[in-house]
Amino acid sequence: MSEKAPLLHYRLTTSAGPEPSHVSKDKPGPKLGVLFGVVIPTLLSMFSVVVFLRIGFVVGQAGLYQAIAMFLVAYLIITMTVLSVCAISTNGALDAGGAYYMISRALGPEFGGSIGIMFFLANVFGSALYVLGLVEAVMSAFGVPEDGATGLYQVLPSGYWWSLLYGTVLLFLCFVVCLVGAHIYAKATFIIFIIVTTVLASIFISFFIVGPFPVFLPNTSVLNSTSMRQANYTGFWLHTLEGNLFSNYTVDYTTGAVMNFATVFAVMFNGCTGIMAGSNMSGDLKNPSYSIPRGTLAAVLTTFITYNLLSLLVAWSCDRYLLQRDYSFLGDINIWPPIVTVGIYSSTMSAAMSNLIGASRILYALSKDNLFGGVLVLVRKTSLSGNPWVSVLVSWLLVQVVLFAGKLNTIAGIVTVFFLLVYAAVNLACLALEWASASNFRPSFRCFTWYTCALGILGCLIMMFLISAIYAFASIAFMLLLLMVIHYLGPGSNWGYISQALIFHQVRKYLLMLDVRKDHVKFWRPQLLLMIANPRSCTGLMTFINDLKKSGLYVLGHVKLGLLDALPSDPLQSRYDSWLNLVDHLQIKAFVNLTLADSVRHGVQNLLFISGFGGMRPNTLVLGFYDDCTPQDHLQGEVLLSTAAGLDAVSPHKDPEQLRSPFFPNVRGAGEPKDFQEEEYVSVIADAVKMRKNVTLARYFDEFNRDEVLGPGRKIGGHRVTGPFVDVWPLNLLRPDSCGYVDICSLFLLQLACVLHETRAWNQATIRLFLCVESGCSLQEEEETKLRRMLKQLRISAQVQMVAWDQVVALHWQRQGGRGRGNPMREESGRNEERWKRRGESENEDGISTFPSNASQLTDEYIHAVNNLICQHGAPQPAVRFLYLPHPPADKSRYRAYLHQVDLLSRGLGPTLLVHGVTPVLTTDL
């Protein structure tokens, strides 16, 4: 039935990985060869109740043609699976767990754990299947017929509850043996094999020696009382063969159900399982890579020939009525009938015990791998000799529950579906390893391709649904449920994840296909590089930028000051775990890129040059604002538990000072110097613009609390609002002589606000667009109409508010001595379209974009007035503001003044993004 004999040879100290290297070298090594290590266990696994009790059932119901077709289909499926088993088993050392171990180490803990449970249940049902088959054989020989006509040895009472009692007693005997230890059965393996071989030899000989005679049929209540009480064994007769060639599906006399191709195949397939017996014993083989492929394939070929030859002899010599009404007829026609009974009892008893032991060992392996947390903690208990007695006890109880099914054919379909699902998973594991093109997947057995794996998966799935669509859907759904439970609740492992290899393989292929020459503005998306000095003070900004990325690339960048020449090794490699665990802790979707440089400016340049691949490169640089505010530690009060110096969990119950991650130092205190000065900070902005990167400065995001901003029923300034406000000021407020709203930078502001609004968490937000106009300007209405038309063309929904700023802008013109006071809006309006066409910049002869410098002489009084204007029009308080960031001045001596002006402009405004865009991001084209 299942992996019986090999599971009895499992080492009692099942581990989750290869045997430790510290094991004593004096320990006796593997000493089993092909025959005793692979062939005999596999044959014992496949020759069981089917060959003795169901071969006549298959031929009698399906006919010889369909019976051979069933065997061909079944062996095609298992042969494809055998090829996958041989490939995986010759790619490295195997440990206890059988299919569970192979799948878990190949596909990862999620698939391995879910399939392991399915494999465990298959063995549980398989053990019950063999116990029920043994009860059926005992009742056929010693049970009292229902018509009361008892024979000499028919003394056992019959009926459902009596059969359940006999099954319980037989299962208890198996339980006692398994509780003592698997070595008892292991020592008798060869004797049982000799018995089974002798019985099969006597069966084949009997067909040629025993002459024709009538066979009396067992009586059963599911048949009509007028049914004949005898059938004929005709010997080799052509007329008998002709009568058994085609199908004749009828009532199964043990269950009363009408048979069909699927139900008969389900029963027959149980005689074709057990193919992973040899691979499960790899630890006991002299040469696993040599023995497993040859031994398994030899056993499969032997059983295939035996089943088909036996089917032919049965169809040639036994009346159809005999095959359909007496499943134990092989004993009736044997030269010595008791020997068949001995064969049935020994094979089914050993099969039941081996399935019980196999189920317990798989359960023990699952508990050792700790995939289900504390659920299976008790199953790890072992006796002084190392026998996992608790797992044996649990398995025995579950098999006892299954015994209530009462009939072998009732649960045959369930067992078959479970094993087909396990075989499909083994093929999937091999297929995934082959497709991943992993360098370390080099099996010595090469007689397989991805075609054989795919054919094995397809065959298993098709047969599952043909046998029982309900069982197939239920088993797959249960497996997927287990997979999700393990994925979200189970601990991590160091086995390696095939999913990562497959993802790498596919991502590399698609990155090569992502051609930057095919970029188009219609499909622009923000790809953000957020520079972080210390993540302890930037958690609010990191979560906000995660919302702003809109399925684009999001990279967290960090510069560590230093030179590799002065260090013994790269100090950054050990820090990635901390950063990645922080990403998991904040539940953001971001990559991490760290660099080592002699200055922050050079470090940012390095990251802008090297971050990303192909068409996935950052197009926007996000910086925290350069001011004198003392950063706050937003992780203070939370204990950051670390494994491998990383963050894994948060706990408020211990001293944070003792458990701080050494890679995330304390935040800078008041008065402590920064890593770089104002000039270098502005140089970073200028460098990014030269590299054609958009720049965003984020200020006051230490005040940003995402849960409060996006929470239901929130209040702002005493007002209850349904959604947050996002304010956009698209005018360059530090250049009042430039009053256009359709340049690249202004449209970039609008695009970022729109991207944020389209995020699921921010879709209830309201965008407020503020336009600064002079009340006496005759073009005010024309400008507003033009902007509304542009917003409609760009499909941007926003509340447009006109802001009169006559008094504010007058402060600037007074400083300029009245120059240009006439009407700057009128002068600018004629140049707006030209700016849009020229994309806001010019190009020199080298093709490098250059920008006009911010030559306006601005007073602090004017900037304060602009800042007050923004504050006055900020009710209710917005969640975030978008402001126009002017281009840094060309004269480096004015960097400090430039930063001072930006500081005054955004001071006290709450969470604010100052944005400078250099690339077109909006289009009205379809």
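Please refer to the structure placed before this passage.
Just so we're clear, the structure is a prediction, and the values are computed from it rather than from any experiment. (Residues numbered from 1 in each chain as written. Predicted model: local features only at pLDDT ≥ 70, side-chain atom pairs only at ≥ 80, totals over all residues. Heavy atoms only, no water.)

**Student:** With reference to specific residues and values, describe the overall build of the protein.
**Tutor:** What the protein contains, in helices and strands, is 31 helices and 18 strands. Of all intrachain contacts in the protein linking residues separated by at least 6 positions in sequence, the fraction that spans at least 24 positions is 82%. When the accessible surface of the protein is summed, it comes to about 40200 Å², and 59% of that surface belongs to carbon and sulfur atoms. (Helix = DSSP H or I, 4+ residues; strand = E, 2+ residues; numbered from the N terminus. Contact = heavy atoms within 4.5 Å. Areas by Shrake-Rupley, 256 points an atom, 1.4 Å probe, with all protein chains shown as cover.)

**Student:** For a nonpolar patch on the surface, give the residues involved together with the corresponding values.
**Tutor:** A contiguous nonpolar surface patch, about 1100 Å² in accessible area, is contributed by Ile 205, Phe 208, Ile 209, Phe 236, Leu 301, Ile 305, Leu 309, Leu 312, Trp 316, Ile 335 and Trp 336. Here the nonpolar patch takes five residues from helix 11 (residues 288-317), the largest share from any one element. Position of Phe 236 among the secondary structure elements: in the loop between strand 2 (230-233) and helix 8 (238-243). Among the residues examined, Phe 236 registers a relative accessible area of 33% and is labelled partly exposed. (Patch = residues over 30% accessible without salt bridge, like charges linked within 9 Å, V, L, I, M, F, W, Y side chains within 5 Å. Salt bridge = Lys/Arg side-chain N within 4 Å of Asp/Glu carboxyl O. Buried < 20%, exposed > 50% of the residue type's maximum accessible area, 1.4 Å probe, protein only.)

**Student:** With reference to specific residues and values, describe the packing of aromatic side chains.
**Tutor:** Here the structure, examined in full by the defined rule, presents 31 aromatic pairs. Their ring planes at 75 degrees and their centres at 4.9 Å tell us that Phe 465 and Phe 473 sit as a pair that is edge-to-face. The residue whose ring lies beneath Lys 509 is Tyr 510, and the NZ or CZ to ring-centre distance is 5.5 Å. The side chain of Arg 768 reaches across the aromatic face of Phe 725, ending 4.4 Å from its centre. (Phe/Tyr/Trp six-rings, centres within 6.5 Å; stacked < 30°, edge-to-face > 60°. Lys NZ or Arg CZ within 6 Å of the ring centre and 35° of its normal.)

**Student:** Go over the pairing of strand 13 (residues 766-773), please, and point to the residues and values.
**Tutor:** Sheet faces and side chains relate simply in a regular strand, where the side chains alternate between the two faces. Summarising burial for strand 13: seven of the eight residues are buried, a large majority. With six bridges connecting them, strand 13 and strand 14 (residues 799-804) associate as parallel partners. In the strand pairing of strand 14, Cys 772 is matched with Val 803. (Pairing = 2+ DSSP bridges.)

**Student:** Got a sec to walk through the side chain of Thr 81? Specific residues and values, please.
**Tutor:** Position of Thr 81 among the secondary structure elements: in helix 2 (residues 49-89). A distance of 3.0 Å separates polar atoms of two side chains, one belonging to Thr 81 and the other to Asn 427. Apart from the residues lying within four places of it in its own chain, the contact partners of Thr 81 are Ile 275, Tyr 423, Val 426, Asn 427 and Cys 460. (Polar contact = N/O pair within 3.5 Å; in protein donor to acceptor, adjacent residues only side chain to side chain.)

**Student:** Describe in detail the sheet that holds strand 12 (residues 725-729), supporting the description with residues and values.
**Tutor:** Sheet architecture is open: ten strands sit in the order 5-4-3-6-9-18-17-12-13-14, paired in mixed fashion. The sheet is open, and its two edges are formed by strand 5 (591-597) and strand 14, each paired on a single side. Sheet twist, expressed as the average angle between the axes of neighbouring strands with direction ignored, equals 25 degrees. With four bridges connecting them, strand 12 and strand 13 associate as parallel partners. The residue of strand 13 that forms the bridge with Val 728 is Leu 769. Helix-sheet contacts for helix 26 (residues 744-758) involve strand 6 (620-624), strand 9 (694-699), strand 12, strand 13, strand 17 (880-884) and strand 18 (912-916), and the interaxial angle to strand 17 is about 165 degrees. (Axes fitted to C-alpha atoms, helices over the stretch in contact; angles between N-to-C directions.)

**Student:** Report on the nonpolar core, specifying residues and quantitative values.
**Tutor:** Membership of the largest hydrophobic core comes to 159 residues, with the highest contact counts inside it found for Phe 52, Ile 78 and Phe 207. For this core, the element with the most residues is helix 2, which contributes 23 residues. Membership of the second largest hydrophobic core comes to 58 residues, among which are Leu 556, Val 583, Val 592 and Val 728. (Core = buried A, V, L, I, M, F, W, Y, C linked by side-chain atoms within 4.5 Å.)

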